[in-house]
Amino acid sequence: MVASKSPAGSIYKHDAELDASVGKDGIDYTRVNLLRNTSVAKLYEDALRYEPGTSISSAGALVTSSGKKTGRSPKDKRIVDEETTSEDIWWGPVNTKLSEHAFLINHERAVDYLNTRERLYVFDGYAGWDPKYRLKIRIVCARAYHSLFMHNMLIRPTEEELKNYGEPDFTILNAGAFPANRYTTGMTSNTSVSINFKLRQMVILGTEYAGEMKKGVFTIMHYLMPKAGVLSLHSSANQGPKGDTSLFFGLSGTGKTTLSADPSRALIGDDEHVWTDTGVFNIEGGCYAKCIDLSAEKEPEIFSAIRFGSVLENVVFDEDTRIVDYTDKSLTENTRCAYPIEYIPNALLPCIGNHPQNIVMLTCDAFGVLPPVSKLTSAQAMYHFISGYTAKIAGTEEGVTEPEATFSACFGQPFLVLHPTQYATMLAAKIAEHKSNVWLLNTGWSKGVYGVGKRIALKYSRAIIDAIHDGSLAQAEYETYPVFGLQIPKAMANVPSEVLNPATAWKETSTPEEFQNTVHKLATLFNDNFSKYSSEASEEVIAAGPKL
């Protein structure tokens with residue numbers, strides 16, 4: 001038997017930089033079994049050897065399990081109430097206060113857990129492609145899966161950058177396999193995700209769902225970037241051959257990923273960006289794509305990105321062939337894959353684009369009364385950005401299929417740290433400065449409410465996006481859509497004119513009275529939702545909402 005060569009020379013070594021950090025975050029970096037920015041292959045080996053439920057898919061991706069939690073736990077998110085940031089933070093249902101003392105209890109709990117593991121993983125990476133604004137983020141975790149996940153999602157430093165990395169700007173201690181103490185003040189379960197901006201640390205307990213780290217980084221950027229005078233955005237972005245950049249906002253199910261993935265345009269990023277004085281940059285070094293019902297035909301670029309180095313979460317696969325069944329929802333509907341952005345063939349590297357010429361706010365209106373496309377004024381852009389509207393279909397208990405309005409401020413309310421109007425005001429200033437066109441695009445229902453009408457054809461939505469990008473839609477003739485006050489085109493290429501105005505489209509299936517009642521119903525929902533923000537909004541923005 002030939003002994004395999006020991007990796008000790010390259011992996012199990014002390015790092016003077018890390019040794020000097022001992023005491024700052026409580027982690028013992030002098031351990032001999034600590035792996036810093038280790039190779040993908042080594043992380044595969046460790047995950048397969050030490051983490052039950054780990055396999056390799058037929059495509060070469062690492063298939064992992066996040067345990068009981070297969071999604072984020074927003075009700076368990078806390079931000080520490082301390083003197084340096086307390087007056088800035090939008091306290092309420094999104095940002096719940098945690099005392100400094102309770103944070104230290106959770107921190108000590110995480111540190112004790114991590115310091116007693118047989119193996120510890122550290123990944124030092126960056127958040128933000130623009131060197132002027134990027135943050136150094138350190139991940140400390142006990143699972144190879146978590147280290148590989150953040151290796152994919154953060155921007156990976158070069159050898160030289162790692163050598164000169166210095167102190168991190170923020171440290172995430174992921175002790176997710178160990179529970180929080182439910183009797184600690186401020187805890188509502190054994191899960192806790194808490195951020196301390198003064199100490200520049202985040203602690204995860206009681207959940208092994210890796211998405212908590214990704215969105216934790218975004219929450220951190222969502223506070224620090226506006227404080228630095230630049231605008232963080234929950235959006236995707238792409239750039240055309242002539243350097244024209246577009247931003248896409250939209251909640252789940254609106255088509256943000258599908259419509260921003262354009263083979264004729266370069267992908268800047270799929271989820272998180274910052275708009276600066278020089279353009280936009282991607283916060284992340286990878287993509288975190290939904291996998292439910294994924295196919296090579298529908299989304300070939302994402303499908304092809306699932307290969308060696310990618311992380312597949314909570315998917316079901318054939319035990320013999322290791323072929324993943326992306327239609328299987330038995331573990332969760334939130335099946336995901338994390339992969340480096342360079343796995344997308346048309347990714348723009350570095351992920352930095354010009355100032356956006358077009359901003360597209362996507363909604364899936366199941367009430368069927370929002371137009372397929374509208375051109376927004378600056379005030380309307382702020383109003384709809386703060387509203388962050390889409391609709392989902394309610395459960396079918398006893399035959400109920402009534403659409404349910406969903407409002408998520410700034411199209412990403414769970415990750416906001418400041419009041420929504422602060423982000424909206426910055427966005428309006430950017431739009432005015434760079435004369436960006438803003439569009440509201442409905443990918444939802446037409447010719448009637450859900451159950452009566454039909455989903456707007458994807459080919460029409462794509463035709464609208466093409467017309468936005470080639471400039472023809474901006475030159476169209478417009479009319480005002482009543483109640484909502486939206487400017488809608490009278491005609492455009494490749495989209496039937498009767499589809500463009502919901503009042504006309506509804507004539508096929510419903511009475512004028514039914515149409516008007518539904519318009520008033522949705523308008524009332526908009527106004528009721530916006531009343532939460534009106535005290536911080538200008539009269540002009542309030543007036544940009546529906547008028548009943």
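Please refer to the structure placed before this passage.
Read on for an overview of the structure. All of these numbers come straight from a predicted model, not from anything done at the bench.

Focus on the overall build of the protein
Point 1. When helices and strands are tallied, the protein shows 15 helices and 31 strands.
Point 2. A compact globule built from 548 residues would reach a C-alpha radius of gyration of about 24 Å, and the protein, at 24 Å, matches this within 12%.
Point 3. Dimensions along the principal axes, computed over C-alpha positions, put the protein at roughly 80 × 55 × 55 Å.
Point 4. For the protein, buried positions account for 57% of its 548 residues.
Point 5. A fraction of 72% describes how many contacts in the protein between residues 6 or more apart in sequence connect residues 24 or more apart.
Point 6. If you sum the accessible surface of the protein, you get close to 22,500 Å²; carbon and sulfur atoms cover 52% of it.

Quick word on the pattern of salt bridges
Point 1. Counted under the stated rule, the structure contains 23 salt bridges.
Point 2. A salt bridge links Arg 265 to Asp 244, with the nearest nitrogen and oxygen atoms 2.9 Å apart. Of this pair, Arg 265 sits in the loop between helix H7 (256-260) and strand S14 (266-269) while Asp 244 sits in the loop between strand S12 (236-239) and strand S13 (245-249), and the two are 21 residues apart along the sequence.

Topic: the packing of helix H9 (residues 378-387) against helix H14 (residues 512-530)
Point 1. Interhelical geometry of H9 versus H14 gives an angle of 80° and a closest axis separation of 10 Å. With respect to H14, the element H9 is oriented roughly perpendicular. Contacts between H9 and H14 involve Tyr 383, His 384, Ile 386 and Ser 387 from the former and Phe 526, Asn 527, Asn 529 and Phe 530 from the latter.
Point 2. Taken together, the residues of the contact of H9 with H14 sort by class into 4 nonpolar, 4 polar and no charged.

So, the side chain of Asp 262
Point 1. Note on placement: Asp 262 falls in the loop between H7 and S14.
Point 2. Lacking a salt bridge, the buried Asp 262 has Arg 265 as its closest oppositely charged neighbour, with an N-O distance of 4.9 Å.
Point 3. With residues up to four places along the chain from it excluded, the contact list for Asp 262 reads Asn 238, Asn 346 and Asp 466.

Some points on the nonpolar core
Point 1. Of all hydrophobic cores here, the largest spans 132 residues; its most connected members are Ile 137, Ile 139, Leu 312, Tyr 339, Met 361, Phe 385 and Phe 484.
Point 2. The dominant element in this core, judged by the number of residues it contributes, is helix H6 (residues 211-227), at 8 residues.

A short note on the packing of helix H4 (residues 144-153) against H6
Point 1. Their axes nearest at 9 Å, the elements H4 and H6 cross at an angle of 40°. It follows that H4 is oblique to H6 by the angle criterion. Between H4 and H6 the crossing geometry is right-handed. Contacts between H4 and H6 involve His 146, Phe 149, Met 150 and Met 153 from the former and Gly 211, Met 213, Lys 214 and Val 217 from the latter.
Point 2. The residue makeup of the contact of H4 with H6, split by class, is 5 nonpolar, 2 polar and 1 charged.

Things to note about the pairing of strand S6 (residues 120-127)
Point 1. Judged by how many residues are buried, S6 sits mostly within the fold: 8 of 8 residues are covered.
Point 2. Residues of S6 alternate between two faces, with Leu 120, Val 122, Asp 124 and Tyr 126 on one and Tyr 121, Phe 123, Gly 125 and Ala 127 on the opposite face, all of them buried.
Point 3. Pairing analysis gives 3 bridges linking strand S1 (residues 34-36) to S6, with the strands arranged parallel. Its bridge partner lying in S6, Leu 35 is registered against Tyr 121.
Point 4. Pairing between S6 and strand S7 (residues 135-141): 7 bridges, direction antiparallel. Looking across to S7, one finds that Gly 125 is bridged to Ile 137.

Remarks on H14
Point 1. The end-to-end C-alpha distance of H14, which contains 19 residues, comes to 27 Å, matching closely the 27 Å that a straight helix rising 1.5 Å per residue would cover.
Point 2. For H14, the complete set of buried residues consists of Phe 515, Thr 518, Val 519, Leu 522, Ala 523, Phe 526, Asn 529 and Phe 530. Around the axis of H14, the buried residues are gathered within 130° of arc, so they sit on the same side.

Some remarks on H9
Point 1. Within H9, 9 of the 10 residues are buried, leaving the element largely enclosed by the surrounding structure.
Point 2. Those residues of H9 lying buried are Ala 379, Gln 380, Ala 381, Met 382, Tyr 383, His 384, Phe 385, Ile 386 and Ser 387.

Side note on the sheet that holds strand S2 (residues 55-56)
Point 1. Strand order in the open sheet formed by 5 strands is S2-S3-S18-S21-S17, and the pairing between neighbours is mixed. Each of the sheet's edge strands pairs with one partner strand only, and the pair in question is S2 and strand S17 (286-290).
Point 2. By the bridge criterion, 3 bridges tie strand S3 (residues 62-64) to strand S18 (residues 311-313) in an arrangement that is parallel. Its bridge partner lying in S18, Thr 64 is registered against Glu 313.
Point 3. Contacting S3, S17, S18 and strand S21 (336-340), H4 crosses the sheet at an angle of about 115° to S18.

What counts, and where the lines are drawn
- Residues numbered from 1 in each chain as written.
- Predicted model: local features only at pLDDT ≥ 70, side-chain atom pairs only at ≥ 80, totals over all residues.
- Heavy atoms only, no water.
- Helix = DSSP H or I, 4+ residues; strand = E, 2+ residues; numbered from the N terminus.
- Rg over C-alpha atoms; globule rule 2.2 N^0.38 Å.
- Buried < 20%, exposed > 50% of the residue type's maximum accessible area, 1.4 Å probe, protein only.
- Contact = heavy atoms within 4.5 Å.
- Areas by Shrake-Rupley, 256 points an atom, 1.4 Å probe, with all protein chains shown as cover.
- Salt bridge = Lys/Arg side-chain N within 4 Å of Asp/Glu carboxyl O.
- Axes fitted to C-alpha atoms, helices over the stretch in contact; angles between N-to-C directions.
- Parallel < 35°, antiparallel > 145°, perpendicular 65-115°, else oblique.
- Nonpolar A, V, L, I, M, F, W, Y, C, P; charged D, E, K, R; others polar.
- Lys, Arg positive; Asp, Glu negative; His and termini not counted.
- Core = buried A, V, L, I, M, F, W, Y, C linked by side-chain atoms within 4.5 Å.
- Left-handed = near helix turned anticlockwise from the far one by under 90°.
- Pairing = 2+ DSSP bridges.
- Expected span 1.5 Å × (residues − 1).
- Arc of directions from axis to C-beta.

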